[in-house]
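Here are the chains, one letter per residue:
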Amino acid sequence: MVGYIIQRILAAIPVMGFVALFVFLMLRLTPGDPAAIIAGDTATPEQLDRIREALGLNDPLHIQFITWIGNLLQGEFGTSVISGKPVIELIQARMEPTISLALTTIILSVLIAVPLGVIAAWKHGTLIDRFVMLISVLGFSVPVFVIGYLMISLFSMQLNWFPVQGFRPIGDGLGEFLHRIALPTFTLTLLYIALIARITRTSMLEILGDDYIRTARAKGLPEARVLMRHALRNCSVPIITVIGIGFALIISGVVVTESVFNLPGLGRLTVDAVLARDYPVIQAVILLASLIYVVVNLLIDIAYVLLDPRIRYS
Amino acid sequence: MSDQLLEIENLRIALDGNPDQQVVKGLNLSIRPGQTTCLVGESGSGKSLTALATMGLLPKVLQTIEGSIKIKGEEVLTASPGRLRTLRATAMSMIFQEPMTALNPVARVGQQIEEVLEFHSDMSQGARKKRTLEMMEAVHLPDVEKMYRSFPHQLSGGQRQRIMIAMALIMRPQLLIADEPTTALDVTTQAQILSLIRELREQQGTAVLFITHDMGVVSEIADDVTVLKLGEVMETQQVEQLLRHPQTDYTRDLLRSVPSQVPRPPSPAASDEVVLRTEDLCKTYGGTGLIRKGREVRAAQDVNLTLTHGRTLGIVGESGSGKSTVARCIMRLIDPTSGKIMVGDEDIAVMKQSDLKARRKKFQIVFQDPMRSLNPRREIGESIIEGPLNFGVSRAEAMERARDLLELVGLPGSAIDRFPHQFSGGQRQRVAIARALAMDPDILVADEAVSALDVSVQAQVLDLLADLQERFGLGILFITHDLGVAAQICDEVMVMQTGKVIEYGPAGEVLGNPKQDYTKALIAAAPGRHWDFANFRPFSEAPASAATPANQS
């Protein structure tokens, strides 16, 4: 198991290397001179040249790449062209709202969606099943910003239950944190409930037709036991996969939700950086997002091994 | 109250509860305590549905519309769900055909057995585990402490079926329902499981409702036999009475279709032309790990075989013997590790796939399960003409020929635009054979091609193969685990065990007078080998002139 994890981590290195190369080339090969952007419209040729020299832009491409990778490996992500702050600080500041939102959303979604999916499959073809499917279709088809504004309109403006916007870190108290993050969580949750409930229902339907479910019933086990212990456990692989990918998706940026609720998260940081052509920030955010995907995929694979004894990696 | 343990009266089961779509039509059956009753019938006879109805496990689309099922005088059909759960496990329990899929793959087998005690007894945790281990010992599992912690995929088919039996009998129910419990197992494993069921029946006094299609198994285990056909009882008799004096034509036909263990005389060699020859064919799996050398599995070792024009060579063996590996190597569906495969005078063992393409016409294969080997979304005509089209035959011509081929295999030519699911199992296998023949092969590889079929259908397909062989001079390589089937169709037989050829020679020699212990053991394990089913008598009573299997010791 440990050997397998080490092997997987090693295998992630070339993946990250390719991402880094792609990000690097994207910056160098797109039209527009970074030095010109940094210097602004009024810069003289001498100023431009000095900036190029300072950025190492006069070196050959491969030297630039090696220097850049070397800096990255030392934790040196560069400074924002716009604010002049180190990129790493900018990202750190934006991590907490995004990770908080991802965790609350995924936890709430799983708590609601998995039981819904199980019940829908168990009561296959009944009204309950159709109701779950209806929620699922709604969750997929209504755009997130519509849900967001509806939530604000109903729960903030009319009922006055939740604040309209903003984020409070969990360090300021759990109650305040939950109060602020509730609406964005509800908004995103609907989509994830749709996704997870659907996957749960489909896999459960398949598993419930399996022979060992009949065996479990033939043993005279209560239905709850048959469903939870024998069926759901066997569905865990597809469900975990969706949860993992869903989590990575939220972390790597839910721009719309963050904008609607004015959350200072990574998604907003990315959009602002792209609009301002703040290349060092864009680079760092893309690298971070791919790192998160690699880590989440590794965790999913480890979960497979723990959940299904038939899956063994050498 | 009657002294019957199980009493089924006028049981009617219908699709969607619709009286016009009955699948079990007024079935009556009763079992005394401690008695073994076999329920015999072909697919669609309703034998498994009767068992599932007794357990209250019918799938939702099927409903009992009439009748009564009483266990120890208590009605099952109207029992509450809670009561039904108690009856299962404590009064009656069930084991299934596929031990491979009947156990939860992600739970330890010991816990799966123990779970029954958890819900049906008030034992402490320690006592439950102790009782579970005792039960695992009672079904003769080795090293029970270790096996308790194993997962199903780590066990063999026979071991899994033992786990199922331990699970079913741990609460000492008076009735065990066994639905084809040995059908998916090797013949030697089958013999062990049958003797285990007999042993436990005697120890615990359990009555057994044993569902099977195999008359050999019936002759080994039954006290009474009930024969079912399309949901109706044909007859119920004491086993020896039934085998000697069947009362209905259907039972007689069923008995006559049982493949005899006596080898048929070899077909006259039409020519000595060798169509297929292998030289020291080997297939090794694994052993090529990048970091660590993986475990080597020698699936086939030094296989030398010769197949001549118009003759049938059978490869028999249990699972893991390498018989299918050989077939797949010859088809080049997998690449052999070493050795030669001579088709005509060309070695195809190392031929590139692109060169091989033109030669594929010569050798064709029919697989075990036609439901899975025919594309379910294509009309069968399209499946049949696909090969010829690839070799440049015009569509019209190929279609014309496909119609002829369908008629040749005993199907109407008009069936050409139907889909696989619109046929029965036997008909589908005929389609698969027509598909193979469309290429005009010299060699036909049949990989367990009749194993999934009912005995009466099996006999028909075997006849068809023999007929086609005579007509086209096909060389047939017939892979099977069933010695009876091998005896009926093969001129030569090769016996394999764990990748090695144990015995190879004319069928009459190998099956009639085996030299090797392994072959002898295989023949001895075949159920019902003492019965000459087709003549309604044991072999020991056969007139001296009739052929007898040599291995009666």
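Being a predicted model, the structure only gives us computed values, none of them experimental.

### A word on the side chain of Glu180 of chain B
Along the polypeptide, Glu180 of chain B turns up in the loop between strand 7 (175–179) and helix 7 (187–204). Here Glu180 of chain B is in contact with Lys47, Phe96, Gln97, Ile211, Thr212 and His213 of chain B, once residues within four sequence places are set aside.

### Some points on the interface of chain B and chain A
Contacts between the two partners involve 27 residues from chain B, matched on the other side by 21 residues from chain A. Around 2200 Å² of area is buried between chain B and chain A when both sides are counted, 57% of it from carbon and sulfur atoms. For the pair chain B and chain A, the interface holds 3 salt bridges. Here chain B and chain A share 14 residue pairs in polar contact (both at pLDDT 80 or more) between them.

### Considerations on the sheet that holds strand 14 (residues 338–343) of chain B
All names here are of chain B. Pairing is antiparallel across the open sheet formed by 4 strands, whose spatial order is 12-11-14-15. Single-partner strands in this sheet number two, and they are strand 12 (297–308) and strand 15 (346–347). In terms of strand pairing, strand 14 meets strand 15 through 2 bridges, oriented antiparallel. Paired with Val343 across the strands is Glu346, a residue of strand 15. On top of the sheet, helix 11 (residues 323–330) reaches strand 11 (274–285), strand 12 and strand 14; it is set at about 115° to strand 11, its chief contact.

### Description of the layout of surface pockets
There is about 1200 Å³ of room inside the second largest pocket. Along its surface, the second largest pocket is lined by 33 residues, and Arg217 of chain A together with Leu57, Leu58, Pro59 and Lys60 of chain B are the ones closest to its centre. Among the elements of the structure, helix 5 (87–122), helix 8 (174–208) and helix 9 (211–218) of chain A together with helix 1 (47–55), strand 4 (62–71) and helix 2 (81–90) of chain B are those that each provide at least two residues to the lining of the second largest pocket. Of the residues assigned to the lining of the second largest pocket, the class counts are 17 nonpolar, 7 polar and 9 charged.

### Focus on the packing of aromatic side chains
All names here are of chain A. Applying the stated criterion across every chain yields a total of 8 aromatic pairs over all chains. Ring geometry for Phe24 against Trp68: centres 5.8 Å apart, planes inclined by 35°, an arrangement best described as tilted. With a gap of 44 residues between them, Phe24 in helix 1 (residues 2–29) and Trp68 in helix 4 (residues 61–73) connect regions that are remote in the sequence. Accessibility assignment for this pair places Phe24 and Trp68 in one class, buried.

### Examining the domain arrangement of chain A
All names here are of chain A. When its domains are assigned, chain A resolves into domain 1 (2–73) and domain 2 (87–307). On a C-alpha basis, the centroid separation for the pair domain 1 and domain 2 is 34 Å. Roughly 1400 Å² is buried in total at the junction of domain 1 and domain 2, and carbon and sulfur atoms are behind 79% of that figure. Across the pair Asp301 and Arg8 runs a salt bridge, and its minimum N-O distance is 2.1 Å. At the level of secondary structure, the elements contributing two or more residues to the side of domain 1 that touches domain 2 comprise helix 1 and helix 4. No other element matches the 14 residues that helix 1 contributes to the side of domain 1 that touches domain 2. Among the residues forming the side of domain 1 that touches domain 2, the class breakdown is 16 nonpolar, 1 polar and 2 charged.

### A look at the packing of helix 10 (residues 223–251) of chain A against helix 13 (residues 279–307) of chain A
Between two packed helices, what matters for the description is the angle formed by their axes and the separation of those axes. Residue and element names in this part refer to chain A. Viewed as axis vectors pointing N to C, helix 10 and helix 13 meet at an angle of 165°, and their least axial separation amounts to 10 Å. When the interaxial angle is binned, helix 10 and helix 13 end up roughly antiparallel. By crossing handedness, the relation of helix 10 to helix 13 is classed as right-handed. Judged by residue contacts, Arg233, Ser236, Val237, Ile240, Thr241, Gly244, Ile245, Phe247, Ala248, Leu249 and Ile251 of helix 10 engage Ile292, Tyr293, Val296, Ile300, Ala303, Tyr304, Leu306 and Leu307 from helix 13. When the residues that make up the contact of helix 10 with helix 13 are grouped by side-chain class, the tally is 15 nonpolar, 3 polar and 1 charged.

Calculation notes
- Residues numbered from 1 in each chain as written.
- Chains lettered and ligands numbered in written order.
- Predicted model: local features only at pLDDT ≥ 70, side-chain atom pairs only at ≥ 80, totals over all residues.
- Heavy atoms only, no water.
- Helix = DSSP H or I, 4+ residues; strand = E, 2+ residues; numbered from the N terminus.
- Contact = heavy atoms within 4.5 Å.
- Buried area = accessible area lost by both parts, 1.4 Å probe.
- Salt bridge = Lys/Arg side-chain N within 4 Å of Asp/Glu carboxyl O.
- Polar contact = N/O pair within 3.5 Å; in protein donor to acceptor, adjacent residues only side chain to side chain.
- Pairing = 2+ DSSP bridges.
- Axes fitted to C-alpha atoms, helices over the stretch in contact; angles between N-to-C directions.
- 1 Å grid on protein atoms, 1.4 Å probe; cavity = no way out; pocket = protein on both sides within 12 Å on 5 of 7 lines; lining within 4 Å.
- Points joined across faces, edges and corners; volume = space filled by probe spheres on them.
- Nonpolar A, V, L, I, M, F, W, Y, C, P; charged D, E, K, R; others polar.
- Phe/Tyr/Trp six-rings, centres within 6.5 Å; stacked < 30°, edge-to-face > 60°.
- Buried < 20%, exposed > 50% of the residue type's maximum accessible area, 1.4 Å probe, protein only.
- Domains from an automatic or database assignment.
- Parallel < 35°, antiparallel > 145°, perpendicular 65-115°, else oblique.
- Left-handed = near helix turned anticlockwise from the far one by under 90°.

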